[in-house]
Amino acid sequence: MNENKNLYGVTALFDSANEIIHAAKEVEKAGYKNFDVNTPYPVHGMDRAMGLKRSTVGFFTLFFGFSGTAFILLFAYWTMSVNYPMVIGGKPFFALPSFIPVTFETTVLLGGIATVVGILAVFFNLPSNNHPLHDTDYMCSVSNDKYGIVIEAEDPKFNENEVTELLKRLGAKKIHTVMNPGKESFPIFEGRFVVFLILVVLVVCGGTYFTLNKVLYLEPFDWMLEQDKLIPQEKSTIFTDNKGMRTTIEGTVARGYLPYPFKGQTIPTETLANPLLPTKKVLEFGKGKFLTFCSPCHGNYADGDSRLHGQFPNPPTLHSARAREFGDGMIYHIIVNGQNTMPSYETQTTSEERWAIINYIRALQRAKNAKPTDLQEVQKELGVNVK
Amino acid sequence: MLNKESGYVKKELPGNIAKIGTVFFAVGLILGTAGYFIEPVRASFSYLVAFMFLVSVGIGSLFLVALEYLAGADWSTPFRRVSEFLSSSIPLLIIFALPLIFNMNSLFHWTHTEAVAEDAVLQGKAPYLNSSFFIIRVVVIFGLWSLFYYLLSKNSRGQDSTGDQRLTKRNIVLSGIFIPLFAITATVTSVDWLMSLEPHWFSTIFGVYFFSGSVWASLAALTLIVVLLKEKGYLSQRINNDHYYSLGTLMFAFTCFWGYIAFSQYMLIWYADLPEESFWFLQRWTGGWEYFSIVLILAHFIIPFGALLSYPAKTNPRRLKFISVWILCTHYLDLYWLTMPNLNVSGFVFSWLDFVFPIGILGLIILIFNINAKKYNLIPVGDPKLQRGLDFTLH
């Protein structure tokens with residue numbers, strides 16, 4: 001029992017690792033529960049000597065690690081597949097292998113940080129970081145070359161004289177009593193410390209900005225920027241006309257890009273006929289090209305629900321009567337010429353791809369405006385009851 | 001005097017171990033030879049997998065021995081002999097490589113001169129990939145390994161009677177030379193025997209991949225044998241949970257290491273998607289090989305990761321034995337997955353031969369281990385680090 005309310009505990013210093021192990025064993029045997037050992041380095045066999053159970057910190061780390069995994073996978077899914085889907089390197093929107101490195105890192109990071117913060121919070125009783133043992137001679141010794149043990153006054157068996165006797169018997173070199181700090185103060189909230197924190201933040205941010213945006217463009221660091229190569233849209237001294245980007249020789253026709261005879265007309269007097277049949281293969285092909293080239297503006301089902309969040313005027317739906325009445329050749333005409341705000345897709349698509357896209361648009365239109373007779377046909381074909 | 005300290009009394013291993021080893025080896029030898037006359041090409045490939053298993057456990061174990069010396073580790077000293085015995089297959093490698101060298105034509109596409117003549121890529125690689133240089137490399141590398149095996153184990157055994165501490169020093173120096181050499185030779189070996197099965201394919205991380213699996217399997221073999229011997233009372237009874245825990249942790253570490261390397265290799269190829277690299281993985285994703293690939297991800301990484309994560313798993317002898325056997329089987333599967341799709345390019349084909357050779361190799365490893373255990377102490381009784389190794393505690 002502890003009479004002195006202000007007493008934190010009794011500390012004792014030893015000279016060697018063997019002595020401290022022996023002392024810890026004896027203190028544990030004597031029935032004390034609230035005692036701790038401080039050594040300059042981890043002493044092997046200490047857990048057993050103190051009679052400690054296995055720490056449960058691992059579960060804490062595991063939980064936060066897996067939270068990191070779950071968070072980053074959901075985050076990658078949302079950014080890369082939902083909010084701003086972009087085709088990168090021809091990979092699917094949710095390209096798991098490319099998310100693995102960041103998943104691994106977030107798992108480790110969150111597990112690690114949460115553990116450290118959690119341990120600090122528990123040990124230091126944050127936001128207070130005042131421990132009665134701080135700034136004592138005892139602490140200075142055990143973080144240098146001595147091995148210390150402290151029996152806390154909270155222990156139910158605690159009795160100052162008995163404890164001192166016991167420690168003396170165990171051969172302690174120095175025995176001290178440690179008092180609780182009188183007033184609870186939170187140095188973390190002190191004005192000076194807060195100002196210091198803000199200064200650190202400013203210096204770090206400013207330094208980072210300065211390094212990344214200025215220093216790295218200074219002499220020896222910018223070597224990689226000076227390259228003897230043609231940069232698109234830049235002028236070149238090699239050619240007499242100073243144009244870096246060369247045009248093809250007049251009359252060149254790229255493979256798959258046959259010239260379109262009615263180019264430039266707003267309302268074509270004549271249009272081409274679709275040479276492709278809507279076979280399954282053609283539709284699959286057209287679907288892929290439609291999703292790549294048209295869907296960013298027209299939406300995945302040509303409803304005119306663009307993914308561009310107002311960065312470009314939304315196109316009209318292609319399920320309107322007007323668009324359904326367009327001949328295949330007219331849509332082809334629009335792909336090649338563009339129409340008002342819609343840019344031309346002449347250079348991005350080959351003629352075969354355009355016809356395949358058109359077939360796919362037709363399939364979409366038919367599906368969105370299905371008649372009961374269509375349903376019957378599907379039923380016949382699949383042999384199932386479609387409602 | 002030294003024996004007393006460690007509480008070690010030399011006992012003969014039970015006689016039926018030699019019998020089991022002989023039977024396994026004989027079965028492998030007879031059925032394997034028979035299989036060779038029925039299906040020579042298939043038998044060569046099957047045997048190559050088994051041979052690579054022998055190589056990887058042998059040199060992985062020697063690496064662990066060298067690592068202990070170099071790192072000054074003492075916790076593993078009480079059972080270092082197990083790794084030494086496992087690596088004693090190294091001097092025999094050259095003999096067991098002979099059947100493969102005589103069948104190089106069935107194994108390696110690049111040995112066919114008419115194929116090379118038509119193939120610009122293979123012509124470019126011909127200065128390295130040609131039969132005579134291959135054989136020179138094999139002889140030199142197996143010779144070097146044998147030399148280091150011989151020196152390291154001779155010094156270690158010499159200490160048993162003399163207790164001479166200078167031998168430890170000498171082995172530390174030897175290990176320091178061996179480990180960088182090992183990095184190069186293991187890479188060359190994996191490239192020669194496994195990667196060149198598909199001579200058009202290349203992966204610069206392949207050597208590391210092989211190394212990770214090799215050490216993983218060697219650790220599993222070590223753990224399995226240590227637990228078995230300790231339980232039967234052949235090792236010091238002072239080997240405790242902390243030793244087990246350290247072995248388990250190393251296996252866990254190498255599980256992660258393999259996963260890291262295997263994924264790095266896959267991701268770079270997947271990301272760049274160059275036809276000259278990605279076809280290798282596509283081969284392993286068609287015709288039934290995809291199941292092998294999936295099983296490999298699960299069995300080689302995810303399952304051992306989960307199984308070894310917790311503290312009890314790393315200290316419970318039964319679980320350790322189970323996971324060690326698991327690891328050894330999976331390592332075999334890994335080598336199988338590296339090798340076989342080069343033979344059955346269009347899809348997996350079952351053959352009974354694939355079960356014959358591993359049995360023979362297992363028998364061989366048991367036999368070699370048994371012979372060593374008969375001749376030498378199972379504990380390096382004269383090693384100055386032994387006492388600390390036995391006193392080892394973790395926390």
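This one's a predicted model, so the numbers in the text were calculated from it and none came from an experiment. (Residues numbered from 1 in each chain as written. Chains lettered and ligands numbered in written order. Predicted model: local features only at pLDDT ≥ 70, side-chain atom pairs only at ≥ 80, totals over all residues. Heavy atoms only, no water.)

## Points about the interface of chain B and chain A
Line of reasoning, step 1. The partner chain A presents 15 residues to the 12 residues of chain B that form the contact.
Line of reasoning, step 2. Summed over both partners, the interface of chain B with chain A comes to about 1,200 Å²; 66% of that surface belongs to carbon and sulfur atoms.
Line of reasoning, step 3. The tally of links between chain B and chain A comes to one salt bridge.
Line of reasoning, step 4. We note a salt bridge from R48(A) to D242(B), for which the minimum N-O separation is 3.2 Å. (Contact = heavy atoms within 4.5 Å. Buried area = accessible area lost by both parts, 1.4 Å probe. Salt bridge = Lys/Arg side-chain N within 4 Å of Asp/Glu carboxyl O.)

## Observations regarding the side chain of D155(A)
All names here are of chain A.
Line of reasoning, step 1. In this structure, D155 sits in the loop between β3 (147-152) and α6 (160-169).
Line of reasoning, step 2. Of the side chains bearing the opposite charge, K33 lies closest to the buried D155, which forms no salt bridge; the N-O distance is 6.9 Å.
Line of reasoning, step 3. A distance of 2.5 Å separates a polar side-chain atom of D155 from the backbone nitrogen of K33.
Line of reasoning, step 4. Residues in contact with D155, not counting those within four places in the same chain, are Y32, K33 and N34. (Helix = DSSP H or I, 4+ residues; strand = E, 2+ residues; numbered from the N terminus. Buried < 20%, exposed > 50% of the residue type's maximum accessible area, 1.4 Å probe, protein only. Lys, Arg positive; Asp, Glu negative; His and termini not counted. Polar contact = N/O pair within 3.5 Å; in protein donor to acceptor, adjacent residues only side chain to side chain.)

## Re the domain arrangement of chain A
Line of reasoning, step 1. What the domain assignment reports for chain A is domain 1 (1-188), domain 2 (189-216) and domain 3 (280-382).
Line of reasoning, step 2. Relative placement of domain 2 of chain A and domain 3 of chain A: their C-alpha centres are 53 Å apart. (Domains from an automatic or database assignment.)

## Regarding helix α2 (residues 15-38) of chain B
Residue and element names in this part refer to chain B.
Line of reasoning, step 1. With 24 residues, α2 extends 35 Å between its outermost C-alpha atoms, agreeing within 8% with the 34 Å of an ideal straight helix rising 1.5 Å per residue.
Line of reasoning, step 2. Buried within α2 are the following residues: G21, G28, G32 and G35.
Line of reasoning, step 3. For α2, the secondary structure elements touched by its buried residues are α3 (40-71) and α17 (353-375). (Expected span 1.5 Å × (residues − 1).)

## Concerning the pattern of salt bridges
Line of reasoning, step 1. Under the criterion given, the structure shown has 25 salt bridges over all chains.
Line of reasoning, step 2. The shortest N-O distance in the salt bridge between K146(A) and D145(A) comes to 3.8 Å.
Line of reasoning, step 3. A relative accessible area of 25% means that K146(A) is categorised as partly exposed.
Line of reasoning, step 4. Here R166(B) and D164(B) are joined by a salt bridge, their closest N and O atoms 3.1 Å apart.
Line of reasoning, step 5. Among the charged side chains, a network of salt bridges with common partners joins E68(B), R80(B), R81(B), E84(B), D160(B), D383(B) and K385(B).

## Comments concerning the pairing of strand β1 (residues 7-14) of chain A
Residues and elements named next belong to chain A.
Line of reasoning, step 1. In terms of burial, β1 is a largely internal element, eight of the eight residues being buried.
Line of reasoning, step 2. Relative to strand β4 (residues 174-179), β1 runs antiparallel, the two sharing six bridges. Each bridged residue has a counterpart across the sheet, and for L13 the counterpart in β4 is K174.
Line of reasoning, step 3. Two strands pair when backbone bridges link them, and β1 and β3 are joined in this way by six bridges, in the antiparallel orientation. Counterpart to L13 in the pairing with β3 is G148. (Pairing = 2+ DSSP bridges.)

## Quick look at helix α13 (residues 275-283) of chain B
Line of reasoning, step 1. Those residues of α13(B) lying buried are E277(B), S278(B), W280(B), F281(B) and Q283(B).
Line of reasoning, step 2. Buried positions along α13(B) lie against α11 (206-231), α12 (241-272), α14 (289-308) and α16 (317-339) of chain B.

## Let's talk about the confidence of the model for chain B
Line of reasoning, step 1. A residue-level look at chain B finds 98% of positions with pLDDT of 70 or above and a mean pLDDT of 92.
Line of reasoning, step 2. This complex was scored by the predictor with a pTM of 0.73 and an ipTM of 0.82. (pLDDT = per-residue confidence, 0-100.)

## Some details on the packing of α2(B) against α17(B)
When two helices pack together, their arrangement is given by the angle between the helix axes and by the axis-to-axis distance.
Residue and element names in this part refer to chain B.
Line of reasoning, step 1. Running from amino to carboxyl end, α2 crosses α17 at an angle of 145 degrees, the nearest separation of the two axes being 7 Å. Between α2 and α17 lies a crossing whose hand is left-handed. Contacts from I17, A18, I20, G21, T22, F24, F25, V27, G28, L31, G32 and G35 in α2 reach L353, V356, F357, I359, G360, L362, G363, L364, I366, L367 and N370 in α17.
Line of reasoning, step 2. When its residues are assigned to classes, the contact of α2 with α17 shows 15 nonpolar, eight polar and no charged. (Axes fitted to C-alpha atoms, helices over the stretch in contact; angles between N-to-C directions. Left-handed = near helix turned anticlockwise from the far one by under 90°. Nonpolar A, V, L, I, M, F, W, Y, C, P; charged D, E, K, R; others polar.)

## A look at unusual backbone geometry
Residue and element names in this part refer to chain A.
Line of reasoning, step 1. Phi is positive for A302, which is not a glycine, with a value near 60 degrees.
Line of reasoning, step 2. Here A302 shows up in the loop between α8 (280-298) and α9 (321-325).
Line of reasoning, step 3. The exposure class assigned to A302 is buried, which follows from its relative accessible area of 0%.
Line of reasoning, step 4. One non-glycine residue, N340, lies in positive phi territory at about 50 degrees.
Line of reasoning, step 5. Mapped onto the secondary structure, N340 falls in the loop between α10 (328-337) and α11 (351-368).
Line of reasoning, step 6. Residue N340 is classed as exposed on the basis of its relative accessible area of 78%.

## Topic: the sheet that holds strand β2 (residues 35-38) of chain A
Residue and element names in this part refer to chain A.
Line of reasoning, step 1. Strand order in the open sheet formed by four strands is β2-β3-β1-β4, and the pairing between neighbours is antiparallel. Of all the strands in the sheet, just β2 and β4 have a single pairing partner and so form its edges. Here the strands of the sheet are splayed against their neighbours by 20 degrees on average, with no regard to which way each runs.
Line of reasoning, step 2. Against the sheet, helix α1 (residues 17-29) engages β1, β2 and β3, with an angle of about 15 degrees to β3.
Line of reasoning, step 3. Against the sheet, α6 touches β1, β3 and β4, its axis set at about 10 degrees to β1.

## Considering a nonpolar patch on the surface
All names here are of chain B.
Line of reasoning, step 1. Side chains of V23, V27, L31, I38, F348, F350, W352, F355 and I359 sit close together on the surface and give an oily, nonpolar patch of about 850 Å² of accessible area.
Line of reasoning, step 2. Of all elements in the fold, only α2 and α17 reach the threshold of two or more residues within the nonpolar patch.
Line of reasoning, step 3. With four residues, α2 is the largest single contributor of residues to the nonpolar patch.
Line of reasoning, step 4. Locating L31 in the fold gives a position in helix α2. (Patch = residues over 30% accessible without salt bridge, like charges linked within 9 Å, V, L, I, M, F, W, Y side chains within 5 Å. Areas by Shrake-Rupley, 256 points an atom, 1.4 Å probe, with all protein chains shown as cover.)

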